[in-house]
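# Inside the fold
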Amino acid sequence: LNNRIPGIKAACKKGQLSQLVNLMHELFPQQFNFIPKTWNIPNNYAAFCHHVFTQKKKDEFYILKPDEGSQGEGIYLLKTPTDIPQGTLLRNSVIQQYISNPLLIDGFKFDFRLYVLVSKLDQLEVYLCKEGLARFCTQHYEQPTLKNLNKCYMHLTNYSLNKNNSEFIVSEEDSTGSKRTITSVMETLKHQGYDTCKIWKNIKDVVFKTLLCIAPLTRVEQLNETTVRAANTRTSRQFHLIGFDVLLDNQLKPYLLEINGFPSMKTEHETYDDKYNKSIIPSPVDERVKSFVLRGAFSILFCKNVPDSYETIIKQELSDEQEKYLVFDDCRRLFTLFLRKGVNKKTSLLGSTGFRSFVRSCRITTIIPSLTNAELDLLFINICQQGDSGTMRSLSFLAFYKLTLSLAEKRKKYRLRLCVDTTA
């Protein structure tokens, strides 16, 4: 067994993930509105500045995260672009709208770490563990202001940050302390009158739709020969255990904060004394949750049996209603078909030769007669220059998807104009 499916790491990058979900949001705005508004930095820095200085709501705050950061490193809360630390614009990061109305328990902000098992990628099989971690801040929550932006123990739920606070509580019980089980938190919410069945259903929906977003990109990344060799896929069966971080607002709406391709399975808690001497003590909640997660995962992988601790998110064919969300996968098939021509096999990018083959084979200029070959070449160059491709002369899968959306919009406008001309 190999706990690594090639390509999932690329999809777990904050910038890639936000782009994937946002592109689906353009087509299905009501169904894919589960991530905060996001800007990729440095590419979308100008758009972020324009939003900040033109928005009507003056009480908005933002959170900046490194694209591949972990353990709370490099995270900052912002009010305006001038708050961005010097040098940050030189590396890939994301800026998101800060969710300032989180659901609180005992006055503390918290989020959920969910564990999702992908046992197959080609014929997507996904399972969600019914148990997970609820990670609490260690300082009572207050609405963000310019005076408390630097209080990370109040605003950030990351365990790696909060464990350094003397107020961090390691508890023997599931329902107390700075780390709790999801089931105990759900029980608390149920006692407070909340519909926990609906909360869990909405969380599962976020997991399901996120997997539909990242699976096509993951399959494209598998074409990268270097990645495939590194994962040793020919000699081992692949699976992937992914960590989903989800936050509830005070209206019980779940937001996907990020996904972690390699969630920690540590069951100890690290503490430091005044002289920075490190000591390690057991974390009973971590031990119970993570052993629960792993036992259930191995039961699925080895025994082909889905235990009561897991539930199936994706396995069989999708319903007709869900089929419409496969637009990414349809585009992925088209992309890989022409990827064989003019492709850089180390990076899985579609070159100009492959693009021209796509134009000819799909008869783009016949479908959209108003579009010339010169205009298509210009469209190819413009999208390459938007920064999603990695080079100025080739298209990544995401860039190719944007190009197909642009062509679809041009065809729509052409047909509309044709309709107007014929009825005039």
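Here's what I pulled together on the structure shown here. Here the structure is a predicted model, which is why all the values come from computation and not from measurement.

Analysis parameters
In this numbering scheme, every chain counts its residues from 1 along its sequence in written order. pLDDT decides what is reported in this predicted model: residues at 70 or higher carry local features, side-chain atom pairs at 80 or more are listed and counted, and totals for whole chains, interfaces and linings draw on all residues regardless. The side-chain numbers reported here are obtained from all heavy atoms of the structure, hydrogens and water having been left aside. Per the convention used, a helix needs a DSSP run of H or I reaching at least four residues, while a strand needs a run of E reaching at least two, with both numbered from the N terminus. Exposure is judged per residue with a 1.4 Å probe applied to protein chains only, and the accessible area is read against the type maximum: over 50% gives exposed, under 20% gives buried, and values in between give partly exposed. An expected span of 1.5 Å times one less than the residue number is assigned to each helix. Take the seven residues that end at a residue and the seven that start at it, fit an axis to each, and the angle between those axes is the bend at that residue. Any pair of nitrogen or oxygen atoms within 3.5 Å is treated as a polar contact; in protein, a donor-acceptor pairing is required on top of that, and neighbouring residues in sequence qualify only through side-chain atoms on both sides. Each nonpolar core is a collection of buried residues, namely Ala, Val, Leu, Ile, Met, Phe, Trp, Tyr and Cys, held together in the definition by side-chain atoms within 4.5 Å. In what follows, residue pairs with any heavy atoms lying within 4.5 Å of each other are defined as contacts. When a carboxyl oxygen of Asp or Glu lies within 4 Å of a side-chain nitrogen of Lys or Arg, that pair is called a salt bridge. A pair of aromatic rings is counted whenever rings of Phe, Tyr or Trp (Trp by its six-membered ring) have centres within 6.5 Å, and the orientation is called stacked for planes under 30 degrees apart, edge-to-face for over 60 and tilted otherwise. Charge over a ring is defined by NZ of Lys or CZ of Arg lying within 6 Å of the ring centre and within 35 degrees of the ring normal. Helix axes are fitted only over the stretch in contact, all axes being lines through C-alpha atoms; the angle between N-to-C directions runs from 0 to 180 degrees. Each angle is binned into one of four classes, with values under 35 degrees roughly parallel, values over 145 roughly antiparallel, values of 65 to 115 roughly perpendicular, and all other values oblique. In a left-handed crossing the near helix is turned counterclockwise from the far helix by less than a right angle, and in a right-handed crossing that turn is clockwise. Polarity classes work like this: nonpolar for Ala, Val, Leu, Ile, Met, Phe, Trp, Tyr, Cys and Pro, charged for Asp, Glu, Lys and Arg, and polar for all others, with Gly in that last group. Two strands qualify as a pair provided that DSSP identifies no fewer than 2 bridges between them.

## Things to note about the overall build of the protein
Helix and strand counts for the protein come out as 15 helices and 17 strands. For the protein, the residues scored as buried account for 51% of the 424 residues in total.

## Focus on helix 7 (residues 196–221)
Here helix 7 is 26 residues long and its end C-alpha atoms lie 37 Å apart, about the 38 Å a rise of 1.5 Å per residue gives. Bending of helix 7 peaks at approximately 30 degrees at the position of Ile214, with proline Pro216 no more than four residues after it. Counting buried positions along helix 7 gives 20 out of 26 residues, so the element sits mostly inside the fold. Capping the start of helix 7, Asp195 holds a side-chain oxygen 3.3 Å from the backbone nitrogen of Cys197, two or three residues further along.

## Regarding the nonpolar core
Grouped together as the largest cluster of nonpolar side chains are 79 residues, with contacts concentrated most on Phe112, Leu114 and Leu395. The biggest single contributor to this core is helix 7, with 13 residues. Excluding residues that lie within four positions of it along the chain, Leu114 makes contacts with Leu128, Ile182, Trp200, Ile203, Val207, Ile242, Gly243, Phe244 and Val246. Of all hydrophobic cores here, the second largest spans 14 residues; its members include Tyr115, Val285, Val293 and Ile300.

## Concerning the pattern of salt bridges
Under the definition given, this model contains 17 salt bridges. In this structure, Arg113 engages Asp245 in a salt bridge whose closest nitrogen and oxygen atoms are separated by 2.5 Å. Remark: Asp245 occurs in strand 10 (residues 240–248) and Arg113 occurs in strand 6 (residues 108–120); sequence separation between them is 132 residues. Asp245 matches Arg113 in its accessibility class, with the two residues each being buried. Salt-bridge contacts for Asp329 lead to Arg219; the nearest nitrogen and oxygen are separated by 2.8 Å. Here Arg219 lies in helix 7 and Asp329 lies in helix 11 (residues 327–339), a separation of 110 residues in the sequence. Arg219 carries the same exposure label as Asp329, and that label is buried. Within the structure, one salt-bridge network assembled from shared partners comprises Arg219, Asp329, Asp330, Arg332 and Arg333.

## As for helix 12 (residues 352–361)
Restricting attention to buried positions, one finds in helix 12 the residues Gly354, Phe355, Ser357, Phe358 and Val359. Phi turns positive, to about 50 degrees, at Arg363, one or two residues after helix 12.

## Remarks on the packing of aromatic side chains
In this structure the tally under the stated criterion is 16 aromatic pairs. With 5.6 Å between their ring centres and 65 degrees between their planes, Tyr159 and Phe168 make a pair best called edge-to-face. No difference in accessibility class separates Tyr159 from Phe168, as the two residues are buried. Through a chain of ring-to-ring contacts, three or more aromatic side chains come together here, namely Phe335, Phe355, Phe358, Phe380, Phe397 and Phe400. Directly above the ring of Tyr159 sits Lys179, whose terminal nitrogen or CZ lies 3.8 Å from the centroid. Of note, Lys253 hangs over the ring of Tyr255, and the distance from its end group to the ring centre comes to 5.2 Å.

## Topic: the packing of helix 12 against helix 14 (residues 373–384)
Interaxial distance between helix 12 and helix 14 falls to 11 Å at its minimum, and their mutual angle equals 135 degrees. Comparing the axis directions of helix 12 and helix 14 gives the class oblique. In the packing of helix 12 onto helix 14, the handedness of the crossing is right-handed. Seen from helix 12, the contacting residues are Ser352, Phe355, Arg356 and Val359; seen from helix 14, they are Asn373, Leu376, Asp377 and Phe380. Grouping the constituent residues of the contact of helix 12 with helix 14 by class yields four nonpolar, two polar and two charged.

## Things to note about the sheet that holds strand 1 (residues 38–41)
Here four strands make up an open sheet; going across it, the order is 1-4-2-3 and the pairing antiparallel. Edge positions in the open sheet fall to strand 1 and strand 3 (76–78), since each of these has one partner strand only. Strand-to-strand, the axes of this sheet are offset by a mean angle of 25 degrees, without reference to chain direction. Across three bridges, the pairing between strand 2 (residues 62–66) and strand 3 is antiparallel. Paired with Ile63 across the two strands is Leu77, which belongs to strand 3. In the packing of helix 2 (residues 14–27) onto the sheet, contacts are made with strand 1, strand 2 and strand 4 (93–97), and the angle to strand 1 comes to roughly 135 degrees.

Remember, this is a structural readout, not a statement about activity or role.
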